[in-house]
Amino acid sequence: MEEIFAVKGNIIFTKEFGKYEIMEDGYIVVHGKSIKGVYKELTEEYRNIRVEDYGDSLIIPGFVDLHLHAPQFANLGLGLDKELMPWLEAYTFPEESKYSDVHYARKVYFSLIRELWRFGTTRSCVFATIHKNTTKLLMDLFADSGLGAYVGKVNMNRNSPDYLTETTEASLNDTEEILEEYCGKYELVKPIVTPRFVPSCSFELLKGLGELAEKYNVPVQSHLCENYGEISFVKSLHPEYKNYAEIYNGAGLFGDVPTIMAHCILVDEDEIELMVKKDLYVAHSPNSNFNLSSGIAPIRRLVSRGVSVGLASDISGGHSLSMMNVITSSAQAANIKWIESNRVDQPLSTADLFYLATKGGGKFFGKVGSFEEDYEFDALVIDDRNIPAFRTFTVEERLQKFIYTGDDRNIKERYVSGKKISEPKVY
Ligand code: GUN
Ligand code: FE
């Protein structure tokens, strides 16, 4: 029998975009991995269950990072003085080539997972490298940690340095080997098909990956319309397609299975229509978009059109793994977009962005990112007593203060799928 227990504290989450649900000094009842409900008082049937009383702390859903590059953790904060394409050549590809080395990969990947844990990122969608052995290692390390993740072996067979280029055949075979081995291996860690982006994958490779995604019924993640230099290169590679999105679509990689496209800054109206039609997820990474001079994604417009959006660190284009930091820069990006659009694209509130950082991205994982009934219990306990307060704040104000001025030290506990997760340990 799975245990029923409750956590007690000041509960705040978002069921809908932009609207907080708040229960001060309330209980979340959890049965196994799932939530039974949020209550002001425990009802008769729960009278004797174990209660973890977190006092005056906030209890919020765990953060979801919808797009990041695990090997680039080693480059965090380095080399952010170039645009996307030269940045990949100068800093990123040389670093990613090192992940044929299992010892090096283990060191970086373990450390990354510990930092994700520290910052309260309970679920993430992760790019590894082209190397199959260390991609498997990354999945095993995530599984050991108890955090949830989709992890993809990256595919690259063209326009990449020799030291980071696969043959089409090896790329597809290695991907399929991972899908065979890992689709059913773990409950919280799953493989995802991961063509890097059109410039580094021939159409033949993209098509083969689309077929694998369909055959194994696994999701897809890639990059779309991030940067001017990238887009003009894609146009020169595929003049036969009317836009970037249609290339993925033609290969079965655009929403035929659940699909995340990172960035989507420069998407045109036809691409937005296709994204709506095929239920695409957009991973929004403002830190990366600022650092690599890519621009500001039209998030308000995408959300209004019904596109699913989650927030993402995109390290090491982004310089911070903290989803609190990503929420903050998403707000700043939206403010500037508002001004730039002559005050048409309304800014995004903390409640809007908190939704995107929890349930918005969480939907990609199933019932994740909210405290509604039947949702998996992913939660953070926030002790904000060290944040200066010169009057009494509401729970909503305390959440804002934590996001804008707090840090990982305020996160006292992390739960994933009903289990309390302790700091990952090397063994
Ligand atoms: N497009 C293709 N590869 C990458 C990457 O590693 N980072 C970012 N930000 N964009 C990409
Ligand atoms: Fe990326």
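Everything here concerns the structure above.
Parameters at a glance
Residues numbered from 1 in each chain as written. Chains lettered and ligands numbered in written order. Predicted model: local features only at pLDDT ≥ 70, side-chain atom pairs only at ≥ 80, totals over all residues. Heavy atoms only, no water. 1 Å grid on protein atoms, 1.4 Å probe; cavity = no way out; pocket = protein on both sides within 12 Å on 5 of 7 lines; lining within 4 Å. Points joined across faces, edges and corners; volume = space filled by probe spheres on them. Nonpolar A, V, L, I, M, F, W, Y, C, P; charged D, E, K, R; others polar. Domains from an automatic or database assignment. Buried < 20%, exposed > 50% of the residue type's maximum accessible area, 1.4 Å probe, protein only. Helix = DSSP H or I, 4+ residues; strand = E, 2+ residues; numbered from the N terminus. Pairing = 2+ DSSP bridges. Right-handed = clockwise from strand over helix to strand, strands pointing away. Phe/Tyr/Trp six-rings, centres within 6.5 Å; stacked < 30°, edge-to-face > 60°. Lys NZ or Arg CZ within 6 Å of the ring centre and 35° of its normal. Contact = heavy atoms within 4.5 Å. Axes fitted to C-alpha atoms, helices over the stretch in contact; angles between N-to-C directions. Near = heavy atom within 4 Å. Polar contact = N/O pair within 3.5 Å; in protein donor to acceptor, adjacent residues only side chain to side chain. Areas by Shrake-Rupley, 256 points an atom, 1.4 Å probe, with all protein chains shown as cover. Sits in = over half its atoms within 2 Å of the grid points. Parallel < 35°, antiparallel > 145°, perpendicular 65-115°, else oblique.

Draft legend 1. Focus on the layout of surface pockets. Estimated volume of the largest pocket: approximately 310 Å³. What lines the largest pocket is a set of 17 residues, among which Lys33, Leu188, Val416, Ser417 and Lys419 lie closest to the centre. Taken together, the residues that form the lining of the largest pocket break down as eight nonpolar, four polar and five charged. Counting the residues that make up the lining of the largest pocket, at least three belong to each of domain 1 (4-62 + 369-420) and domain 2 (63-365).

Draft legend 2. Region of interest: the pairing of strand 7 (residues 148-152). Among the five residues in strand 7, five count as buried, and that is most of the element. Residue alternation in strand 7 divides its side chains into two sets, Gly148, Tyr150 and Gly152 and Ala149 and Val151, and both sets are buried. Looking at chain direction, strand 6 (residues 121-127) and strand 7 are connected through five bridges and run parallel. By the bridge assignment, Ser124 is partnered in strand 7 with Ala149. As for the winding sense of the linkage, the β-α-β connection from strand 6 through helix 3 (residues 132-145) to strand 7 is right-handed. Relative to strand 9 (residues 189-191), strand 7 is paired through three bridges, and the arrangement is parallel. The residue of strand 9 that forms the bridge with Ala149 is Val189.

Draft legend 3. Representation of the pairing of strand 6. Of all seven residues in strand 6, seven are buried, a share of seventy percent or more. Pairing of strand 5 (residues 63-69) with strand 6 involves five bridges; the strand directions are parallel. Across the sheet, Leu68 pairs through a bridge with Val126, a residue of strand 6.

Draft legend 4. View of the packing of aromatic side chains. On inspection of all chains with the given rule, the structure shows 17 aromatic pairs. Relative to Phe377, the ring of Phe371 lies with its centre 6.0 Å away and its plane at 40 degrees, an arrangement referred to as tilted. With a relative accessible area of 1%, Phe371 lands in the buried category. By way of ring pairs, the aromatic residues Phe5, Phe13, Phe371, Phe377 and Tyr415 are connected into one cluster. Directly above the aromatic system of Phe5 lies the positively charged group of Arg50, at a separation of 4.9 Å from the ring centroid. In this structure, Arg343 packs its charged tip against the face of Trp338, placed 4.6 Å from the ring centre.

Draft legend 5. Quick look at the sheet that holds strand 16 (residues 411-416). In spatial order, the strands read 3-2-1-4-15-16-17; together these seven strands make up an open sheet with mixed pairing. Two strands close off the open sheet at either side, each with one partner strand: strand 3 (34-39) and strand 17 (419-420). In the sheet, strand 4 (residues 50-61) pairs with strand 15 (residues 379-382) via four bridges, with the strands oriented antiparallel. Within strand 15, the position partnered with Ile60 by the bridge is Leu380. Most of the contacts of helix 12 (residues 350-362) go to strand 1 (residues 4-16), to which it runs at about 120 degrees, and overall it touches strand 1, strand 2 (19-31) and strand 4. Sheet strands in contact with helix 13 (residues 395-405) are strand 1, strand 2, strand 4, strand 15 and strand 16, and its direction is about 65 degrees off that of strand 4.

Draft legend 6. Spatial organisation of the site of ligand 1. For ligand 1, the set of nearby residues contains 13 residues, the closest of which are His69, Gln72, Arg196, Glu226 and Asp314. Within the side chain of Glu226, an N or O atom sits 2.7 Å from a nitrogen atom of ligand 1. Within the side chain of Asp314, a nitrogen or oxygen atom sits 2.8 Å from a nitrogen atom of ligand 1. When the free accessible area of ligand 1 is taken as 280 Å², the share hidden by the protein chains comes to 100%. A majority-of-atoms criterion places ligand 1 in the largest cavity.

Draft legend 7. Structural detail: the packing of helix 11 (residues 323-340) against helix 13. Taken N-terminus to C-terminus, the directions of helix 11 and helix 13 make an angle of 95 degrees; their axes are 7 Å apart at the nearest point. As judged from the angle between their axes, helix 11 and helix 13 are roughly perpendicular. Mapping the contact onto sequence places Met324, Ile327, Thr328 and Ala331 in helix 11 and Phe402, Ile403 and Tyr404 in helix 13. Residues belonging to the contact of helix 11 with helix 13 are distributed by class as follows: six nonpolar, one polar and no charged.

Take it as geometry only, folks, not as evidence of what the structure does.
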